[in-house]
Amino acid sequence: MEKTNWNETNKPGLIASTKLFFQDLFVGAKRMGRADFWWGYLGTTIFFAVLIALLGCVVTLMPISEVYWSAVIGVAMAMAFGYYFIAIYNAAIRRLHDLNLRAWWMLWLVVPGVGYILLIVLMCLAQRGENNRFEKTLAVE
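Source: prediction; values computed, not measured. For every chain, the first residue of the written sequence is number 1, and numbering continues from 1 along that sequence. Local features are withheld for residues below a pLDDT of 70 in this predicted model, meaning they are given only at 70 or higher, and side-chain atom pairs are given and counted only at 80 or more; totals for whole chains, interfaces and linings count all residues. Side-chain numbers come from the whole structure's heavy atoms, not from hydrogens or water.

## Some details on the packing of aromatic side chains
Describing an aromatic ring pair means giving the distance of the ring centres and the angle of the ring planes.
Next up, step 1: Stacked, tilted and edge-to-face are the three classes applied to pairs of Phe, Tyr and Trp rings, where Trp contributes its six-membered ring and a pair requires centres within 6.5 Å; stacked means planes under 30 degrees apart, edge-to-face means over 60, and tilted covers the rest. One pass over the full model with this rule turns up 13 aromatic pairs.
Next up, step 2: Relative to phenylalanine 48, the ring of phenylalanine 22 has its centre 5.8 Å away and its plane inclined at 50°; by these criteria the two rings are tilted. Of the two residues, phenylalanine 22 sits in helix α1 (residues 14-23) while phenylalanine 48 sits in helix α2 (residues 34-61), which places them 26 residues apart along the sequence.
Next up, step 3: Note on phenylalanine 85 and tyrosine 89: the rings are 5.9 Å apart at their centroids and 20° apart in plane angle, and the pair reads as stacked. One end of the pair is phenylalanine 85 and the other is tyrosine 89, both in helix α3 (residues 67-98) and four residues apart, which spans about a single turn.
Next up, step 4: For the exposure calls, accessible area comes from a 1.4 Å probe over protein chains only, and a residue counts as buried if that area is under 20% of its type's maximum, exposed if over 50%, partly exposed in between. Its relative accessible area of 35% is what places tyrosine 89 among the partly exposed residues. Under the DSSP-based scheme used, a helix requires at least four consecutive residues in state H or I and a strand at least two consecutive residues in state E, with every element numbered from the N terminus.

## With respect to the packing of α2 against helix α4 (residues 114-124)
Next up, step 1: Axis geometry follows a simple rule: fit a line to the C-alpha atoms, using only the stretch in contact for helices, then measure angles between N-to-C directions, giving values from 0 to 180 degrees. Where α2 meets α4, the axes come as close as 9 Å, and the angle between the chain directions of the two elements is 125°. The angle between the axes of α2 and α4 places the two elements in the oblique class. Contacts between α2 and α4 pair Arg34, Phe37 and Trp38 from the former with Ile120, Met123 and Cys124 from the latter.
Next up, step 2: Under this grouping Gly is polar, as are all residues other than the nonpolar Ala, Val, Leu, Ile, Met, Phe, Trp, Tyr, Cys and Pro and the charged Asp, Glu, Lys and Arg. Tallied by class, the residues present in the contact of α2 with α4 amount to five nonpolar, no polar and one charged. Roughly parallel covers angles under 35 degrees, roughly antiparallel covers those over 145, roughly perpendicular covers 65 to 115, and oblique covers all other angles. We call two residues in contact when some of their heavy atoms are within 4.5 Å.

## Here's the deal with the nonpolar core
Next up, step 1: As used in this record, nonpolar core signifies buried Ala, Val, Leu, Ile, Met, Phe, Trp, Tyr and Cys residues forming a set joined through side-chain atoms within 4.5 Å. Residues Phe21, Phe37 and Met106 are the most contacted members of the largest nonpolar core, which totals 21 residues.
Next up, step 2: Secondary-structure elements contributing two or more residues to this core are α1, α2, α3 and α4.
Next up, step 3: Counting residues per element, this core draws most heavily on α3, at eight residues.
Next up, step 4: Among residues more than four places away in sequence, those in contact with phenylalanine 21 are Met32, Asp36, Phe37, Gly40, Tyr41, Thr44, Ala87, Ile88, Ala91 and Arg94.

## Looking at the side chain of asparagine 90
Next up, step 1: The topology assignment puts asparagine 90 in helix α3.
Next up, step 2: Sequence-distant contacts of asparagine 90, defined by excluding residues within four places in its chain, comprise Leu25, Phe26, Val27 and Gly28.

The structure is reproduced here in structure tokens:
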């Protein structure tokens, strides 16, 4: 049985696409459709913004004598922020794969201003045909 690398829901939406973002959080060797990417981006951003805001409120409401727990919550905030960036960058790589481009295109982020605009334009483009080289890379028996 051959498993494809297509990573898209039947009906893209906020919840389904966000689940898809988290489902393959550390997998970059798949593809992601345009609608799932943008809905998942929105859902993931909302989820992590609420999580980090809650953790920030907890830290600010703690008394100064609770140094240990404020440090633990600060580390949890940093980890949540890190997971957010991992989710976004991995999804962007899967979106580039859908466009039949390699992950090296993410290096455009090093170029200030122009790189971000270029990647946003690329993320808005439609899929480039069915003959995608990433479709044939995964075979499961």
